[in-house]
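Examining the three-dimensional arrangement
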Amino acid sequence: MAKAGDFEVKLDVKNWKTAKGDAHVHLILDAKPYHPVYDPKTDVVKLSELTGGDALAEGQHILVSFPSRANHESVKTPGALAITEFWIGKKGEKAQDIGKPMIIYSRPKGEYKGDMANHVLIDFQLSNAKLSPSGDHAHITVTGPGIDNSLTADATQFGPPFYLDGVRDGSYAVKLELLGADGKQLPGSWNSTSRSITLAH
């Protein structure tokens, strides 16, 4: 398992021009915060760089990649999303079936300073699901300073991103869930993800 962290991830990107500080690729392992890849031909990324500091445990792992624009909004055209499942050690139960509906948290993450804190992108990718007002939908919850209870929004169409505007400095929690028509979370470890972000205008 220790050696697995040294495994290098190589991306074969077609029809998407990347450049430092511009368009790139988001690489995500096990629903952790993404790692940006600006030059797929030369950037060497090891699995250990994608774990958020956690050790690679025995069992199922899921690696996701998709193109992103310079502002980190994901490209949502058909074929843009790649998902790879692999196992370390013995196969066991699947925390997430990649053949079932799956939502992939992309943004926001980390710190937002200055003008970046004025218009915070909330964005995600989607696999094996179709959003609709009466069916599966993405549910967004934001809590933090100056927000009574929570801010919520439902994405019933896949494509347009959401933005967090007009909030004060401080630490916020952003939660993204994939819910069914009954309002319950669909099965899968990826279908409920929370991130902490910090804003400093």
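Refer to the structure above for everything that follows.
The following refers to the structure shown.

Conventions we followed
Residues numbered from 1 in each chain as written. Predicted model: local features only at pLDDT ≥ 70, side-chain atom pairs only at ≥ 80, totals over all residues. Heavy atoms only, no water. Helix = DSSP H or I, 4+ residues; strand = E, 2+ residues; numbered from the N terminus. Rg over C-alpha atoms; globule rule 2.2 N^0.38 Å. Buried < 20%, exposed > 50% of the residue type's maximum accessible area, 1.4 Å probe, protein only. Areas by Shrake-Rupley, 256 points an atom, 1.4 Å probe, with all protein chains shown as cover. Lys, Arg positive; Asp, Glu negative; His and termini not counted. Charge placed at Lys NZ, Arg CZ, Asp CG, Glu CD. Pairing = 2+ DSSP bridges. Axes fitted to C-alpha atoms, helices over the stretch in contact; angles between N-to-C directions. Core = buried A, V, L, I, M, F, W, Y, C linked by side-chain atoms within 4.5 Å. Contact = heavy atoms within 4.5 Å. Polar contact = N/O pair within 3.5 Å; in protein donor to acceptor, adjacent residues only side chain to side chain.

**Some points on the overall build of the protein chain**
For the protein chain, the helix and strand inventory stands at zero helices and 14 strands. If you list the helices and strands of the protein chain from N to C, you get β-β-β-β-β-β-β-β-β-β-β-β-β-β. In summary, the protein chain has a C-alpha radius of gyration of 17 Å against a globular reference of 17 Å for 201 residues, a match within 12%. Taking the principal axes of the C-alpha coordinates as reference, the protein chain spans close to 45 × 40 × 35 Å. Relative to its full complement of 201 residues, the protein chain shows a buried share of 40%. Total accessible area on the protein chain stands at roughly 10700 Å², and carbon and sulfur atoms take up 50% of it. Here the protein chain contributes 22 positively and 24 negatively charged side chains, and the mean placements of these two sets differ by 4 Å.

**A few points about unusual backbone geometry**
Where the residue is not glycine, phi is negative for most of them; where a peptide bond is considered, it is trans in most cases. Of the consecutive residues R107 and P108, the connecting peptide bond is found in the cis state with omega at 5°. Within the secondary structure layout, P108 lies in the loop between β7 (102–107) and β8 (110–113). The phi torsion at N15 lies on the positive side, around 60°, for a residue other than glycine. Within the secondary structure, N15 is located in the loop between β1 (8–9) and β2 (24–29). Taking the relative accessible area as the measure of exposure, N15 reaches 82% and is therefore exposed. With a phi close to 60°, N128 is a non-glycine residue in the positive phi region. By relative accessible area, N128 is classed as partly exposed at 44%.

**Section: the sheet that holds β8**
The five strands lie next to each other as β8-β14-β13-β10-β11, forming an open sheet whose pairing is mixed. One side of each edge strand has no neighbouring strand; the edge strands of this open sheet are β8 and β11 (151–155). Direction aside, neighbouring strands of the sheet carry axes that sit 25° apart on average. The pairing of strand β10 (residues 137–143) with β11 spans five bridges and is antiparallel.

**Some words on the nonpolar core**
Formed by 23 residues in total, the largest nonpolar core has its most connected members in I103, F124, V142, Y172, L176, I197 and L199. Of all elements in the fold, only β7, β9 (119–127), β10, β13 (170–179) and β14 (192–200) reach the threshold of two or more residues within this core. Beyond its immediate chain neighbours, meaning those up to four positions away, I197 contacts P108, K109, G110, Y112, V120, G170, S171, Y172 and V174.

**Here's the deal with the side chain of H26**
Inspection of the secondary structure puts H26 in strand β2. The class for H26 is buried, based on a relative accessible area of 0%. At 3.5 Å, the side chain of H26 and the side chain of H72 are in polar contact. Separated by 3.0 Å, the side chains of H26 and S106 make a polar contact. Look past the residues within four positions of H26 in its chain and what remains in contact with it is Y34, H35, V64, S65, F66, S68, H72 and S106.

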